[in-house]
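Chain residues, written in single-letter form:
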Amino acid sequence: MDDINRPETEITNENVNFETRINLTPLLDHVNAIKKEIETVIVGQHKMVDQLLVAILSNGHVLLEGVPGVAKTITAKLLAKTLNIGFSRIQFTPDLMPSDILGTSIFNLKSSEFEFKKGPIFSNLILIDEINRAPAKTQAALFEVMEERQITIDGSGYKLETPFLVIATQNPIEQEGTYRLPEAQLDRFLFKITIDYPKLNEEILIIQREHLLQDHGKLEAIQTLLSSAEINQYQALVKQIRVEQNLLEYIARIVVNTRENAFLYLGASPRASIAILNASKGFAAIRGRDFVTPEDIKEAAIPVLQHRVIVAPEREMEGITSSEIIKQIIETVEIPR
């Protein structure tokens, strides 16, 4: 009788373990609904949309890089339209000052006191268009707010409401009138997403949709699907996704290899390791899993690392890119079994 009852006990234990797993169904429903809304306007670019959603779930900022006209700005606007949160768009220009972003203190004649007038950064989702067109002092104004989600002005600290996410765009080709982002600034972006040209069939579909659109705006029919409370809830949920010890070691090996690679002048910092961890949890979540696999880590590694490392000058002259080197590193590091 004991032998007969033992399998039943094992099944019960498995059921208990299964019931304690994270319920990702509401998250997946929202993710799929947002994808469907974005796809009504954006043709292709499925990988980019997945990475943007992972960035939101991982509470990370995104740098969108691509030539003009590949829908960087419209994608950020579409994403903002599907979210019921505050949205600000800041056009970076060479004459933009830090106070134009953060805000400034103004003297109130009635109260005879200075009052702080908040700048456009005080919102939930910030679209910074052409981030590399503003000078270094304006870019530096983003350091504190992107890392700590707070602003210190005139000795007073101002906490920003959650969620707080920055999506910045830049054009990698045109260099006139631009200011290269410093490494400290790049390191604050969870992902650098490179947007390529569409394929022929996608280009035809883009033209067809634009022809049928007539006078209707692209954003008019987009539905709002996700509130700030739900975003905060899903971000907390994603943090609970399980990662085995051998996968933590796998992340560490990949990052340490960037510091030891002869093709790289500068390797990735521990912040990159944490970014890969958080992003891999996000990829697992949008795939409907409450545990991370090596494939999630591989998918996260390139967008997390490609802007945090510097290619050695002699290799850069040969045309080797950081993403190619990272792919080689991933292939050489042994996958945990």
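Residues numbered from 1 in each chain as written. Predicted model: local features only at pLDDT ≥ 70, side-chain atom pairs only at ≥ 80, totals over all residues. Heavy atoms only, no water.

Asks: I keep staring at the overall build of the protein and nothing clicks. Help me out?
Replies: In terms of regular secondary structure, the protein is built from 15 helices and 13 strands. For the protein, with 337 residues in total, the buried portion stands at 45%. Accessible surface computed for the protein: about 18000 Å², of which carbon and sulfur atoms make up 52%. (Helix = DSSP H or I, 4+ residues; strand = E, 2+ residues; numbered from the N terminus. Buried < 20%, exposed > 50% of the residue type's maximum accessible area, 1.4 Å probe, protein only. Areas by Shrake-Rupley, 256 points an atom, 1.4 Å probe, with all protein chains shown as cover.)

Asks: Sorry, what's going on with the sheet that holds strand 9 (residues 165-170) here?
Replies: Strand pairing in a sheet relies on backbone hydrogen bonds, with the paired strands running either antiparallel or parallel. Read from one edge of the open sheet, five strands run 3-6-9-1-10, paired in parallel fashion. At either end of the open sheet lies a strand with only one pairing partner, and these are strand 3 (87-91) and strand 10 (189-194). If you compare each strand with its neighbour and ignore which way they point, the axes differ by 15° on average. Judged from the five bridges that link them, strand 1 (residues 61-65) and strand 10 form a sheet pairing that is parallel. If you follow L63 over to strand 10, its bridge partner there is K192. (Pairing = 2+ DSSP bridges. Axes fitted to C-alpha atoms, helices over the stretch in contact; angles between N-to-C directions.)

Asks: When you look at helix 2 (residues 25-39) in this model, what are you seeing that I'm missing?
Replies: Note: α-helices contain 3.6 residues per turn, so residues at a spacing of three or four share the same orientation. With 15 residues, helix 2 should reach 21 Å at 1.5 Å per residue; the first-to-last C-alpha distance of 21 Å fits that figure. Every buried residue belonging to helix 2 is among L27, H30, V31, I34, K35, E37 and I38, and all of these are buried. Each buried residue of helix 2 lies within a common arc of 165° when the element is viewed along its axis, so the set occupies one face. Where the residues of helix 2 are buried, they touch helix 3 (46-57), helix 4 (72-82), strand 2 (83-84), strand 11 (226-227), helix 10 (228-239) and helix 12 (270-286). (Expected span 1.5 Å × (residues − 1). Arc of directions from axis to C-beta. Contact = heavy atoms within 4.5 Å.)

Asks: Looking at this structure, how should I read the pattern of salt bridges?
Replies: A side chain of one charge can pair with a side chain of the opposite charge if their charged atoms are brought near each other. Counted by the stated rule, this structure contains 16 salt bridges. Across the pair K298 and E295 runs a salt bridge, and its minimum N-O distance is 3.8 Å. Here K298 and its partner E295 are both found in helix 13 (residues 294-305), three residues apart, which amounts to about one turn of the helix. Among the ionic pairs, E318 bridges to R315, the shortest N-O distance being 3.3 Å. Judged by relative accessible area, which is 25%, R315 ranks as partly exposed. Salt bridges sharing common partners tie together K35, D50, R287 and E299. (Salt bridge = Lys/Arg side-chain N within 4 Å of Asp/Glu carboxyl O.)

Asks: Honestly, the nonpolar core in this entry has me stumped. Any pointers?
Replies: Note that soluble globular proteins tend to have their nonpolar side chains buried in a common cluster. Core analysis: the largest hydrophobic core is formed by 71 residues, its most contacted members being L79, F191 and L305. Discounting residues that sit within four places of it in the chain, F191 has contacts with Q51, V54, A55, H61, V62, L63, A279, F283, A300, P303, V304 and H307. (Core = buried A, V, L, I, M, F, W, Y, C linked by side-chain atoms within 4.5 Å.)

Asks: Mind showing me how you'd approach helix 11 (residues 245-260) here?
Replies: Here helix 11 spans 23 Å end to end across 16 residues, near enough to the 22 Å set by a 1.5 Å rise per residue. Of all the positions in helix 11, only L247, Y250, I251, I254, V255 and T258 are classed as buried. In an axial view of helix 11, the angular spread of the buried residues amounts to 125°, which keeps them on one side of the axis. Pointing more than 90 degrees away from the buried face of helix 11 are the exposed residues Q245 and E260. Of the surrounding secondary structure, the elements contacted by the buried residues of helix 11 are strand 12 (264-266), helix 12, helix 13 and helix 15 (322-332).

Asks: What exactly am I supposed to notice about a nonpolar patch on the surface here?
Replies: Where nonpolar side chains cluster on the molecular surface, the patch consists of F107, L109 and F114 and spans about 390 Å² of accessible area. One can find F114 in strand 5 (residues 113-118). (Patch = residues over 30% accessible without salt bridge, like charges linked within 9 Å, V, L, I, M, F, W, Y side chains within 5 Å.)

Asks: Could you clarify how one ought to interpret the pairing of strand 7 (residues 150-153) in this entry?
Replies: Remark: a regular strand shows side chains that alternate across the two faces of the sheet. Note that strand 7 and strand 8 (residues 156-159) share four bridges and pair antiparallel. Bridge assignment links I151 to a residue of strand 8, and that residue is Y158. Hairpin remark: strand 7 followed by strand 8, antiparallel, with two residues in the connecting loop; positive phi at D154, about 55°.

Asks: It is not clear to me how the packing of aromatic side chains should be interpreted in this structure. Could you clarify?
Replies: Applying the stated criterion across every chain, the model contains four aromatic pairs. Consider the rings of F116 and Y158, whose centres lie 4.5 Å apart with planes at 25°: the pair is stacked. Of the two residues, F116 is situated in strand 5 and Y158 in strand 8; the sequence distance between them amounts to 42 residues. In textbook terms, an aromatic cluster arises when at least three aromatic residues are bridged by ring pairs, as seen for F116, F122 and Y158. Above the ring of F143, the side-chain terminus of R188 is found at 4.8 Å from the ring centroid. Over the face of the ring belonging to F291 we find R289, whose NZ or CZ atom lies 5.7 Å from the ring centre. (Phe/Tyr/Trp six-rings, centres within 6.5 Å; stacked < 30°, edge-to-face > 60°. Lys NZ or Arg CZ within 6 Å of the ring centre and 35° of its normal.)

Asks: Where do I start with the side chain of S323 in this structure?
Replies: Tracing the sequence through the fold places S323 in helix 15. Excluding residues within four positions of it along the chain, S323 makes contact with I302 and Q306.

Asks: Just checking my understanding: could you explain the pairing of strand 6 (residues 125-129) for this structure?
Replies: Summarising burial for strand 6: five of the five residues are buried, a large majority. Alternating residues of strand 6 divide into L125, L127 and D129 and I126 and I128, and every residue in both groups is buried. Where strand 3 meets strand 6, five bridges bridge the pair, whose relative direction is parallel. Along strand 6, the bridge assignment pairs R89 with L127. Direction of pairing for strand 6 relative to strand 9: parallel, over a ladder of four bridges. Note that in strand 9 the partner of I126 across the bridge is V166.

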